[in-house]
Amino acid sequence: MATTNPIQFIQQVRAEVSKVVWPTRREVLLTTVMVFIMAALTAVFFALVDLGIRGGLQLILGAFN
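Residues numbered from 1 in each chain as written. Predicted model: local features only at pLDDT ≥ 70, side-chain atom pairs only at ≥ 80, totals over all residues. Heavy atoms only, no water.

As annotated in an unreviewed UniProt entry, the protein is Protein translocase subunit SecE from Ruegeria intermedia. Database annotation for the protein, UniProt heading Sequence similarities (unreviewed entry): "Belongs to the SecE/SEC61-gamma family." Reading the Function (unreviewed entry) entry of the UniProt record for the protein gives the comment "Essential subunit of the Sec protein translocation channel SecYEG. Clamps together the 2 halves of SecY. May contact the channel plug during translocation." (UniProt positions renumbered as here; feature names shortened; annotations may be inferred.)

### Thoughts on the environment of Phe 45
Within the element layout of this structure, Phe 45 appears in helix 2 (residues 25-63). On a C-alpha basis, the gap between Phe 45 and Phe 9 in space is 48 Å, while along the polypeptide they are 36 residues apart. (Helix = DSSP H or I, 4+ residues; strand = E, 2+ residues; numbered from the N terminus.)

### Quick word on the pattern of salt bridges
Taken as a whole, this structure holds one salt bridge when the rule is applied. Residue Glu 16 is joined to Lys 19 by a salt bridge in which the shortest nitrogen-to-oxygen separation is 3.2 Å. Of this pair, Glu 16 and Lys 19 both sit in helix 1 (residues 6-19), three residues apart, which is roughly one turn of the helix. Here Glu 16 falls in the partly exposed class, since its relative accessible area comes to 49%. (Salt bridge = Lys/Arg side-chain N within 4 Å of Asp/Glu carboxyl O. Buried < 20%, exposed > 50% of the residue type's maximum accessible area, 1.4 Å probe, protein only.)

As structure tokens, then:
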């Protein structure tokens, strides 16, 4: 691996960063909202699964009392 001096490294980093297509404010906002919605839906799903498992176990274990 070739070694470069720090100045060349910084120049290369700046050149690569200039190639990046940064998202717009609207894209960031929409993506953030979608992440929060998906996290909420996932939380609701697992809460319902948890309630179902708990109810099923209570029925099964209650039958042995």
